[in-house]
Amino acid sequence: MAADGNKRKRPNILVTGTPGTGKTTTSSALAEATNLRHINIGDLVKEKNLHDGWDDDLQCHVINEDLVCDELEDVMEEGGNIVDYHGCDFFPERWFDLVVVLQTDNTVLYDRLSKRGYEGAKLSNNMECEIFQVLLEEAKESYSEDIVKALKSNNIDDITRNVSSLTDWIRSWPPTS
Ligand code: DAT
């Protein structure tokens, strides 16, 4: 557990994974089930201009990690947040009590990203990211391994099961031992 975890009345959870693995779908269902606050970092960056412009090659905003961390510090200290982002190495380690890494089989993910309009380098970069388990490795390097949990997200049943087990985990907060 994170060093500050016991002080929080409600836990902070990071939901990460390659784009298309179901972070936003899972996080919003989990927030609804538990009344925790869903923070979609991509949306926050756009709304509050926490970026350094648009990257034409990667077709996304260049996130300003310092501005994002400053923006979230108070709310994270309070607890009760589900943070949804396809990266995890720049947040302070102390923020999170659980880090969930969603994973999707290649053929399923390929279809989801194609439907979303990804093509060319953007599509292949994201497929490689999933094949090489980049987010799982990044999570294990950035957080204590005992709070990192990899969950399959291939179909609706997986979402239902994941939301249900994470809801149980949140309801039993704080841990007794
Ligand atoms: P992310 O936030 O990781 O980019 P998303 O939640 O926006 O992913 O989902 C991308 C698309 O895939 C969206 O149309 C919902 C669908 N999807 C995600 N996870 C799924 C799952 N486990 N089963 C079925 N569809 C899923």
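Residues numbered from 1 in each chain as written. Predicted model: local features only at pLDDT ≥ 70, side-chain atom pairs only at ≥ 80, totals over all residues. Heavy atoms only, no water.

Q: Please explain a negative patch on the surface as it appears in this structure.
A: On the surface, a cluster of negative charge is contributed by Glu 65, Asp 66, Asp 70, Asp 89, Glu 137, Glu 141, Glu 145 and Asp 146. Among the elements of the structure, helix H3 (65-78) and helix H6 (134-142) are those that each provide at least two residues to the negative patch. Residue contributions to the negative patch peak at 3 residues, all from H3. (Patch = residues over 30% accessible without salt bridge, like charges linked within 9 Å, V, L, I, M, F, W, Y side chains within 5 Å. Areas by Shrake-Rupley, 256 points an atom, 1.4 Å probe, with all protein chains shown as cover. Salt bridge = Lys/Arg side-chain N within 4 Å of Asp/Glu carboxyl O. Lys, Arg positive; Asp, Glu negative; His and termini not counted. Charge placed at Lys NZ, Arg CZ, Asp CG, Glu CD. Helix = DSSP H or I, 4+ residues; strand = E, 2+ residues; numbered from the N terminus.)

Q: Honestly, the nonpolar core in this entry has me stumped. Any pointers?
A: Looking at soluble globular proteins, one finds that nonpolar side chains tend to be buried together. Among the nonpolar cores identified, the biggest contains 28 residues, and Ile 41, Val 68, Leu 72, Phe 91, Phe 96 and Tyr 143 are the most heavily contacted of them. Only helix H2 (41-47), H3, strand E6 (98-103) and H6 provide two or more residues apiece to this core. In terms of residues, this core owes the most to one element, H3, which gives 5 residues. If we ignore the near neighbours within four places in the chain, the residues touching Leu 72 are Ile 39, Ile 41, Leu 44 and Trp 95. (Core = buried A, V, L, I, M, F, W, Y, C linked by side-chain atoms within 4.5 Å. Buried < 20%, exposed > 50% of the residue type's maximum accessible area, 1.4 Å probe, protein only. Contact = heavy atoms within 4.5 Å.)

Q: What's the story with the UniProt feature "binding site: ATP" (unreviewed entry) in the protein chain in this structure? I'm lost.
A: This chain's UniProt record puts "binding site: ATP" (unreviewed entry) on Gly 20, Gly 22, Lys 23, Thr 24, Thr 25 and Arg 116. Considering the arrangement of structural elements, one finds Lys 23 in helix H1 (residues 23-34). Among the residues examined, Lys 23 registers a relative accessible area of 8% and is labelled buried. Within the structure, Lys 23 has its side chain in polar contact with the backbone oxygen of Gly 17 (distance 3.0 Å). Considering the arrangement of structural elements, one finds Arg 116 in the loop between helix H4 (106-115) and helix H5 (120-131). If we skip the residues at most four places from it in the chain, Arg 116 touches Pro 19 and Gly 20. (UniProt positions renumbered as here; feature names shortened; annotations may be inferred. Polar contact = N/O pair within 3.5 Å; in protein donor to acceptor, adjacent residues only side chain to side chain.)

Q: Can you help me understand the site of the ligand in this one?
A: Among the 15 residues in the neighbourhood of the ligand, the closest are listed as Gly 20, Lys 23, Thr 24, Thr 25 and Arg 116. Within the contact set of the ligand, an oxygen atom lies 2.5 Å away from a side-chain nitrogen or oxygen of Thr 25. Taking 550 Å² as the accessible area of the ligand by itself, protein coverage stands at 74%. Elements represented by at least two residues in the shell around the ligand include exactly H1 and helix H7 (156-171). Sorting elements by how many residues they give to the shell around the ligand places H1 first, with 3 residues. Looking at the shell around the ligand, its residues break down into 3 nonpolar, 9 polar and 3 charged. (Near = heavy atom within 4 Å. Nonpolar A, V, L, I, M, F, W, Y, C, P; charged D, E, K, R; others polar.)

Q: Whenever I open this one, the side chain of Asp 158 confuses me. Can you help?
A: Relative to the helices and strands, Asp 158 resides in helix H7. Sequence-distant contacts of Asp 158, that is, excluding residues within four places in its chain, are made with Lys 152 and Ser 153.

Q: Can you walk me through the side chain of Thr 21 in this structure?
A: With respect to the element layout, Thr 21 can be found in the loop between strand E1 (12-16) and H1. For Thr 21, a relative accessible area of 0% gives the class buried. A polar contact of 2.7 Å, which involves the side chain of Thr 21, links it to the backbone oxygen of Thr 18. The contacts of Thr 21, once residues within four sequence positions are left out, are Leu 102, Gln 103, Thr 104, Leu 109, Arg 112, Glu 130 and Ser 153.

Q: Sorry if this is basic, but what is going on with the sheet that holds strand E7 (residues 148-152) here?
A: What the 5 strands build is an open sheet, ordered E2-E5-E1-E6-E7; its pairing is parallel. Bordering the open sheet on either side are strand E2 (37-40) and E7, each of which pairs with just one other strand. If you compare each strand with its neighbour and ignore which way they point, the axes differ by 20° on average. Its contacts with the sheet place H6 against E1, E6 and E7, and it is angled at close to 165° to E6. (Pairing = 2+ DSSP bridges. Axes fitted to C-alpha atoms, helices over the stretch in contact; angles between N-to-C directions.)

Q: Got a minute to help me understand the packing of H1 against H7 in this structure?
A: Each pair of packed helices can be described by the angle between their axes along with the distance between the axes. Direction vectors running N to C along H1 and H7 enclose 45°, while the axes themselves pass 9 Å from each other. As judged from the angle between their axes, H1 and H7 are oblique. Crossing geometry of H1 relative to H7 is assigned as right-handed. The segment H1 lies against H7, with Thr 25, Thr 26, Ala 29, Leu 30, Ala 33 and Thr 34 engaging Ile 159, Val 163, Leu 166, Thr 167, Ile 170 and Arg 171. Of the residues contributing to the contact of H1 with H7, the split by class is 7 nonpolar, 4 polar and 1 charged. (Parallel < 35°, antiparallel > 145°, perpendicular 65-115°, else oblique. Left-handed = near helix turned anticlockwise from the far one by under 90°.)

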